[in-house]
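Below are the chains, spelled out letter by letter.
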Amino acid sequence: MARIAVGGFQHETNTFAPQRATWADFERADAWPGFVRGAELIDAVEGFNIPIAGAVKTLQELRHELVPLCWCSAPPSSYVEREAYEKVAAALLDDLTAGAPLDGVYLDLHGAMVAEHHEDGEGELLRRIRALVGDKMPIVTSLDYHTNLTPEMVQHASAMIGYRTYPHIDMADTGSRAAQLLDRLLKDRRPLYKAYRQIDFLIPLVWQCTLAEPAKGIFALIEEIEQSSRRGGSQGGSPGGSHNQGIVSITHTPGFPPADIAQCGPALVVYGLDRDAAEAAADRIAAAIRDREAGFAGKLYTPDEAVIEALRIAERATKPVLLADIQDNPGAGGTSDTVGLLRALIVHRATGAVIGMIVDPEAAEAATAAGEGARLEGGIGAKVGYAGETPVEADWRIVRLGTGRFTGTGPMYGGAKFQIGPMALLTDEASGVSAVLAAKRIQAVDQEMFRHVGVEPAEVPILGLKSTVHFRAHFQPIAETILCVQSPGAHVSDPTELPYRHLRPGIRLRPMGLARE
Ligand SMILES: [Zn+2]
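Summarised in this report is the structure supplied together with it. (Residues numbered from 1 in each chain as written. Predicted model: local features only at pLDDT ≥ 70, side-chain atom pairs only at ≥ 80, totals over all residues. Heavy atoms only, no water.)

As for the coordination of the zinc ion
No. 1: Within the first shell, the zinc ion binds the protein through Asp144 (OD), His146 (ND1) and His168 (NE2), at distances of 2.1 to 2.2 Å.
No. 2: Read N to C, the donor residues that coordinate the zinc ion are spaced as D-x1-H-x21-H.
No. 3: Given the relative accessible area of 4%, His146 is considered buried. (Donors = N, O, S within 2.8 Å, 3.2 Å for Na, K, Ca; no water. Buried < 20%, exposed > 50% of the residue type's maximum accessible area, 1.4 Å probe, protein only.)

Here we look at the packing of aromatic side chains
No. 1: Summed over all chains, the structure comprises 11 aromatic pairs.
No. 2: Between Phe9 and Phe26, the ring centres sit 5.3 Å apart and the planes meet at 65 degrees, which makes this aromatic pair edge-to-face. Residue Phe9 is found in strand E1 (residues 3–10), and its partner Phe26 is found in helix H1 (residues 23–27); the two are separated by 17 residues along the sequence. Neither Phe9 nor Phe26 differs from the other in exposure class; each is buried.
No. 3: Aromatic side chains Phe16 and Tyr500 sit 5.1 Å apart centroid to centroid with 85 degrees between the ring planes, which places their arrangement in the edge-to-face category. Remark: Tyr500 occurs in the segment after strand E21 (481–485) and Phe16 occurs in the loop between E1 and strand E2 (20–21); sequence separation between them is 484 residues.
No. 4: A relative accessible area of 25% means that Phe16 is categorised as partly exposed.
No. 5: Grouped by ring-pair contacts, the aromatic residues Phe9, Phe26 and Tyr85 constitute a single cluster.
No. 6: Sitting over the ring of Tyr301, Lys299 keeps its end group 4.8 Å from the ring centre. (Phe/Tyr/Trp six-rings, centres within 6.5 Å; stacked < 30°, edge-to-face > 60°. Helix = DSSP H or I, 4+ residues; strand = E, 2+ residues; numbered from the N terminus. Lys NZ or Arg CZ within 6 Å of the ring centre and 35° of its normal.)

A closer look at the pattern of salt bridges
No. 1: Evaluation of the coordinates by the stated rule reveals 31 salt bridges.
No. 2: Where Arg284 meets Glu224, a salt bridge forms, and the shortest distance between an N and an O atom there is 3.6 Å. Placement of the pair is Arg284 in helix H9 (residues 275–291) and Glu224 in helix H8 (residues 215–234), with a sequence separation of 60 residues.
No. 3: With a relative accessible area of 34%, Arg284 lands in the partly exposed category.
No. 4: Using a relative accessible area of 43% as the deciding quantity, one classes Glu224 as partly exposed.
No. 5: Ionic pairing is found between Asp325 and Lys466, a salt bridge with its closest N-O pair at 2.7 Å. Of this pair, Asp325 sits in strand E13 (residues 321–325) while Lys466 sits in the loop between strand E20 (462–465) and helix H14 (472–475), and the two are 141 residues apart along the sequence.
No. 6: For Lys466, a relative accessible area of 0% puts it in the buried group.
No. 7: A cluster of three or more residues bridged by salt bridges with shared partners is formed by Glu86, Glu124, Arg127 and Arg128. (Salt bridge = Lys/Arg side-chain N within 4 Å of Asp/Glu carboxyl O.)

A closer look at the packing of helix H3 (residues 51–61) against helix H7 (residues 171–188)
No. 1: Relative to each other, H3 and H7 sit at 45 degrees, their axes nearing to 6 Å. The angle between the axes of H3 and H7 places the two elements in the oblique class. As H3 packs across H7, the resulting crossing turns out to be right-handed. Along its contact with H3, which presents Pro51, Gly54, Ala55, Thr58 and Leu59, the element H7 presents Met171, Ala172, Gly175, Ser176, Ala179 and Gln180. (Axes fitted to C-alpha atoms, helices over the stretch in contact; angles between N-to-C directions. Parallel < 35°, antiparallel > 145°, perpendicular 65-115°, else oblique. Left-handed = near helix turned anticlockwise from the far one by under 90°. Contact = heavy atoms within 4.5 Å.)

Some details on the side chain of Asp337
No. 1: Mapping Asp337 onto the fold places it in the loop between E13 and helix H11 (340–347).
No. 2: A polar contact of 2.7 Å, which involves the side chain of Asp337, links it to the backbone nitrogen of Lys383. (Polar contact = N/O pair within 3.5 Å; in protein donor to acceptor, adjacent residues only side chain to side chain.)

Brief notes about the nonpolar core
No. 1: Residues Phe9 and Phe26 are the most contacted members of the largest nonpolar core, which totals 67 residues.
No. 2: Looking at this core, the element that brings in the most residues is helix H4 (residues 82–98), giving 8 residues.
No. 3: Setting aside anything within four residues of it in sequence, one finds Phe26 in contact with Phe9, Gln10, His11, Ala21, Gly34, Phe35, Cys72, Ser73, Ala74, Val80 and Ala84.
No. 4: In this structure, Met171, Met357, Phe450 and Val460 belong to the second largest nonpolar core, which totals 63 residues. (Core = buried A, V, L, I, M, F, W, Y, C linked by side-chain atoms within 4.5 Å.)

Digging into the side chain of Asp428
No. 1: Following the sequence through the fold, Asp428 ends up in strand E18 (residues 423–428).
No. 2: For the buried Asp428, no salt bridge is present, and the opposite-charge side chain at shortest range is Arg349, 6.6 Å distant.
No. 3: Among the polar contacts listed, one links the side chain of Asp428 to the side chain of Ser431, at a separation of 2.5 Å.
No. 4: Once residues within four sequence positions are removed from consideration, Asp428 is found in contact with Ile346, Ala394, Asp395, Trp396 and Val433. (Lys, Arg positive; Asp, Glu negative; His and termini not counted.)

Set out below in structure tokens:
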């Protein structure tokens, strides 16, 4: 049994976003707990699909004594304010001092935090903690998939374990893996060799999904290398596995592109007991990523192109063609009310097509007041006016109304009790195109959002979804194919449209793009 400190400090910083993360943002609970400190932490995080919950559970099962520090997170936004960063960092360091003597430290970090005064938020935090606890103590962290993994982070942490899924369905699981590795380090008392590589092109979020190539194949390779090392270790060297012997753990993080910092971008670190094996594995994975570069530069369709292609495919398809409206994703700051794709569906008369959610509280309430079967006067969508569009006027008939109260059934929101206000299914009688209206911003990631207003997603020929990647967890299994559409939206998917100033020299803003001066 060892005495292990557990804590966390999570933020994903989009340095181009309008609002900064304040202390109040970290203090407040949202979908996750608010700022918790000391003994209350253990109960507060229990049952959440977050890394620290998995780590706590596993460390308890391994019968270690836990010393809870603090844990907090704030929603993705721009820079973390200096005051907030220092307050949380001080709490972590004070509690580590008070908790001594300790045998190890586990931290739940996102890995893409940029503070006003430190562009490598986690690297600076780990530097301070390492200085406090000394060189010998194991410090193990979990990391989000969207980590910008910096040299300082790798230097100061004994080991870091990243998610392997996007959509993220392995968050608690990753915390558990980090806890197991910490346990191993405490037992083995052998430091791990670290082989670190950075990749010199940014990968847009839309092409980072692990349900599709190339990311899927890269993570399969990582699993294969780890497993062959394990087999080699237990059987004294199986054929094929021997050169991977001594590999303990591999973390590859494809990065969080909208961060204007020097170390932005994809990276990986291989931890091993054997220097040559770790370096060779790092080279092999880095080469696999570079070899697949073209695959990360997938096609984005204009709304017109997408609808024409979807109609062509749908003629012979038995399953829906999905059109992902990737830039108007409310989970990444989109208004979920832009109408570029809706208009294209109507213009090209995509009869039977459905798009959701068009967030328009006025229209949803007007539809509810008018009743099923009635006509809806006026247009829908484009109410926030982000893209300078105008609402879509058509021959809208109110087909079905919903209260917005339903229970999710997908991998991300299974069991979640939605309460998102009035919803409505409208159909344009002239084109046969339908839209699902909602009153509150919600990402189209669960099929129940459609079933709630009488649409069975699997039976629709063309389905438009306002989501970048997370929709894939529930919708990809029913899809004939998925086309990614670049219609207006606040989640800008092409890094070349962002005004970077601090990236390191030589990094390319997108796969197959040109290097910066
Ligand atoms: Zn993430």
